[in-house]
Every structure is written in C-alpha cells, then in structure tokens.
Amino acid sequence: MSEHSKKASVFIENEQRTSWHDESLWFVRKKRDAIAFKTTQWESLRNAASQIKDNVLSNLDIYLLEFETNAKKNGVTVHWAEDAIEHNQIIHQILNNHKAKKIVKSKSMLTEECGLNHYLDEHGIEVIDTDLGERIIQLRNEPPSHIVLPAIHIKKEEVGELFHEKWGTEKGNADPTCLTHSARRELRKNFDEAEVAITGVNFAIAETGGVVVCTNEGNSDLGCHTATVQIHCMGIEKIIPKTEHLGVFTRLLARSATGQPTTIYTSHYHKPRPGTEMHIILLDNGRSQQLGREKFRNSLKCIRCGACLNTCPIYRRSGGHSYHATIPGPIGSILSPNIDLKKYSDLPFASTLCGSCSDVCPVKINIHEQLYHWRQEIYSRGNLPKSKSIPLKITKSILENPKIYNVAGNFARKVLKILPEPIVNTSANIWSIGRDLPKPPEESFKEWYKKNKDE
Ligand code: SF4
C-alpha cells in the first residue's frame, strides 16, 4: 500500500469525520461556483491570468531583477535564497541582528515548505502563528491540512477542548464567537511583544517593488505595523509585471478560494516605516528546476487558492495529511514530485484524473494532465513499486494484442465464475477492500455484438 493510501485509510476510519470533511469542502466549492457564475467576465479573467503568468514564466529573470531594483530603491533589503536551508538561515541572521527571541507570523505555506517554525524553535526562537487556523494546528503540533483552510479537518468542539487545555477557556464551550475572542485576546499579547513580523506573499509587483498579502483576519497588518522589522517570504514565481495586473488576480483569488468577492484585507507593503526595516526573501527551492520541465512548468502559475483541493473527490475523502507533503491535493501532487520524485511518487496516483481540478483552476493549469505526465515519468524512471509496475506491464501486453486480449478475457470470465467469492474478494486483493468485484458477464461485448449486430 502506498504512503498516501495508508494515511488515507487512517483518516477514513472515522466515517463521520470523512463525511463532514467532504461536505464542508463541497460547500466551499459550491460557494465558488455561485460567485464564478455571477461574474460575467469569469472566463476572460481566467484567460488573462493564465496569459499574464505565461509571460512571467517566460521572462522570470527579467521581472525578478526589475522587482529587486525597485524594492531596493524603496529602501527594502532583498535577499535571494536557493533552498529552504538558506531561507531559514537568512531569517535567523536577521533575528540575531536584532536579538529577537519572539516573532509573529501570518499565514505562509512557503515557511511551511521550509520548515521555518521547527528551525527557529531549535534555535531558541519562539514563533507565534497568528492566523486563527494556523494557530490551532500549531497548538496541536500538526501541519496544515489545506492551503487556505489549515484546520478544516478539526471540529469546533475539538478547538474548544484545545483552548480549554492551553488557555483555560470555559470547558465545553465550542461557540465559534467565544473561541475567536479568546484567540484574539491571546494573540494580542504576542503582537505587543514581538519585535519581528513575518508574512508570506501573494503577489510581488515588478514595476513597483512592492508585495501584496491577502488575509481575512488582518493579522499580517497588525504584525507588520507593530513590529520594528518586517520580513516577507516569497517564492520566485509570485511575481506579476505591473500593478494593473493585480486586479485580475485578486478578483480570481478570493472567489476561487472561499467564494468571497475579495479577501477582507488586501495589504500592500512597499517600504519600511521610518525607524523600521523591511526585508523580502526570494526563494527558489526547486522552482527553477520545475520551470525547466516543459510539461510541468505551468504548475508555477498557481496562486494557492485551494479550489482544486475543494473539488477533488480524493482530497475531500482522504484528508490533507494523507498527502504527506507541504501542499496537499492535486496541485501538491504535481509540485511535490519535483522536489523529491522517489518520496512523492505515490501522489500523482492519488487522483481519479476526472479533470475537475483543471476545470476550477483560476489560472487554467492543466492539473490532471500533469498528474498523468508524472505517472508516465515515474513509470519510465523506475520509481513505481513492483506491485504496480509488473501488473501494468502484463496489462500493456494484453491490451496491445487483440488475440491475447480475447483469450485473457474469456479465461478471466471462466475463472471468476468458478472461484468461490471469499477467494476473489480476499484481503490479498487490495482492490476489494471496502467493495466487491462485480460478477463477470456471460460473454464479452464483442461476442454480444457479433450476435446482435443485425437487430
Ligand atoms: S492549482 Fe489552480 S486551483 Fe489549485 S490551488 Fe493553484 S491556482 Fe488554485
């Protein structure tokens, strides 16, 4: 069994959880559909976004240098990090320069990708995640299970228990308003104490050198406005050429993510306030390599809206942690094999290839086709386990030879008819776990057609 299947089977043991996880995400998907249908230019926006990103990916070096030049003109310190280690070391150095022992961080999948919390924790620096969902999973010592809704796998009753245990809130109180107020009270203290604020970046504008961060809680602003040092961490693919392009993406992002017309806060950071510092870290970490992979470079268009996760029948029923990667779901299954093909070779198979992910993607990434391409790469590079590669080879030789196909079909129908059911649906046959093999038909379609074609 693959790693994804093993972890998914743990998740689906709790049938109730599987159902409400599925339903909650489908609810978000339906909200997205409703607002997309109301937006008359929806397809034009998707086309525009995809074309802007095509331009960015073809001229990434030029836009990155333009961005750096303009950011520096604004008084921002720009750092380049080749990988996660370098990214974390740069942050550590900035913190050391300011003798900072505590930081507040707003939501950033990139710092998750780099394992920043763990790294800083090991160096004696306390990181407080300030996005409510992120804070919940941080208190539970878990990674996020969704890129937009990090705690979607947890029920409010569990949050109530957690806050009671950690912050002494009233036992049994799972009222979302009370829980949010207590989180706000706890987080305020940290905003007051932290000297450094870290944020992710949704968009970086080459022509201005500024960065844009979209949140629903305002935690990014509060952090940056109260700290004396602000650090913005971004992947090099987050660049857009001009400010006039921003509206295309902000209109698509919130609608695709949660069905909102816009995120509550769309914060623009251009320069440090007087007496403070502003740093931007540009991280590669395998992105250049992905850019060089013809079939997969489009995945760098992703604006991390999460729509492909919400619609995916596998993600909704297997939970984000089953993907054992920073970015779960369909887009993560394309990005993760780029970082470590062997470790993540199971993920492109965690899909029905139904294409729903590609249909909802606001930047028109051909997600399901790329999943299929990864399967072919994984097979041809010998990264498929024997339990899959041998049956595939046998199937291939049967399917490409009509005579063998007919004989094999006849043989299989006869054998399946004779074999007692417990032998067919044995636990050794993984396919039959949770479902039974259908009864074989009396004859093949070809045989039936021969007899009936004149009728
Ligand atoms: S691949 Fe498309 S749908 Fe999925 S998170 Fe990225 S932008 Fe959204």
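Please read all numbers here as calculations on a predicted model, not as lab measurements.

On to the sheet that holds strand β3 (residues 126-129). If you trace the 6 strands from one edge of the open sheet to the other, you get β1-β10-β7-β4-β2-β3, paired in parallel fashion. Sheet topology places β1 (77-81) and β3 at the edges, where each strand pairs with a single neighbour. Going from strand to strand, the sheet's axes swing by 20° on average, the running direction of each strand aside. The pairing of strand β4 (residues 196-199) with strand β7 (residues 229-235) spans 4 bridges and is parallel. Residue pairing in the sheet places alanine 197 in a bridge with glutamine 230 of β7. Contacts from helix α4 (residues 60-73) reach β1, β7 and β10 (277-283), with the element oriented near 150° to β1. Against the sheet, helix α10 (residues 176-193) engages β2 (102-105) and β3, with an angle of about 120° to β2.

Another point: the sheet that holds strand β8 (residues 239-240). Here we have 4 strands laid out as an open sheet, ordered β8-β5-β6-β9, and mixed in their pairing. Only two strands of the sheet have a single partner each, and these edge strands are β8 and β9 (265-269). As defined by bridge partners, strand β5 (residues 203-205) adjoins strand β6 (residues 210-215) across 3 bridges and the pair is classed as antiparallel. In the strand pairing of β6, phenylalanine 203 is matched with valine 212. Of the strands in this sheet, β6 and β9 are in contact with helix α11 (residues 219-226), which crosses β9 at around 30°.

This part is about the nonpolar core. One finds Phe67, Phe203, Val211, Met234, Ile239, Phe249 and Ile331 to be the most contacted residues of the largest nonpolar core, which totals 77 residues. Looking at this core, the element that brings in the most residues is helix α12 (residues 246-258), giving 6 residues. Summarising the domain contributions, this core has at least three residues from each of domain 1 (1-38 + 309-399) and domain 2 (52-129 + 195-288). Sequence-distant contacts of valine 211, defined by excluding residues within four places in its chain, comprise Phe67, Val201, Phe203, Ala204, His232, Met234, Ser267, His268, Tyr269, Met278 and Ile280. Counting 22 residues, the second-largest nonpolar core is a separate cluster that includes Ile94, Ala100, Cys114 and Leu283.

Inspection of helix α1 (residues 3-11) places His4, Ala8 and Phe11 among the buried residues, and these make up the whole buried set. Along α1, the residues classed as buried sweep out an arc of 50° about the axis, all on the same side.

Time to look at unusual backbone geometry. Phi is positive for arginine 304, close to 55°, though the residue is something other than glycine. When you line up the elements, arginine 304 lands in the loop between α13 (287-291) and α14 (307-311). Since its relative accessible area comes to 16%, arginine 304 is described here as buried. In this structure, leucine 353 takes a positive phi of about 60° despite not being glycine. Within the secondary structure layout, leucine 353 lies in the loop between α16 (329-339) and α17 (356-360).

Rules of the game
- Residues numbered from 1 in each chain as written.
- Predicted model: local features only at pLDDT ≥ 70, side-chain atom pairs only at ≥ 80, totals over all residues.
- Heavy atoms only, no water.
- Pairing = 2+ DSSP bridges.
- Helix = DSSP H or I, 4+ residues; strand = E, 2+ residues; numbered from the N terminus.
- Axes fitted to C-alpha atoms, helices over the stretch in contact; angles between N-to-C directions.
- Contact = heavy atoms within 4.5 Å.
- Core = buried A, V, L, I, M, F, W, Y, C linked by side-chain atoms within 4.5 Å.
- Buried < 20%, exposed > 50% of the residue type's maximum accessible area, 1.4 Å probe, protein only.
- Domains from an automatic or database assignment.
- Arc of directions from axis to C-beta.

Without other data, these values stay purely geometric and don't point to any function.
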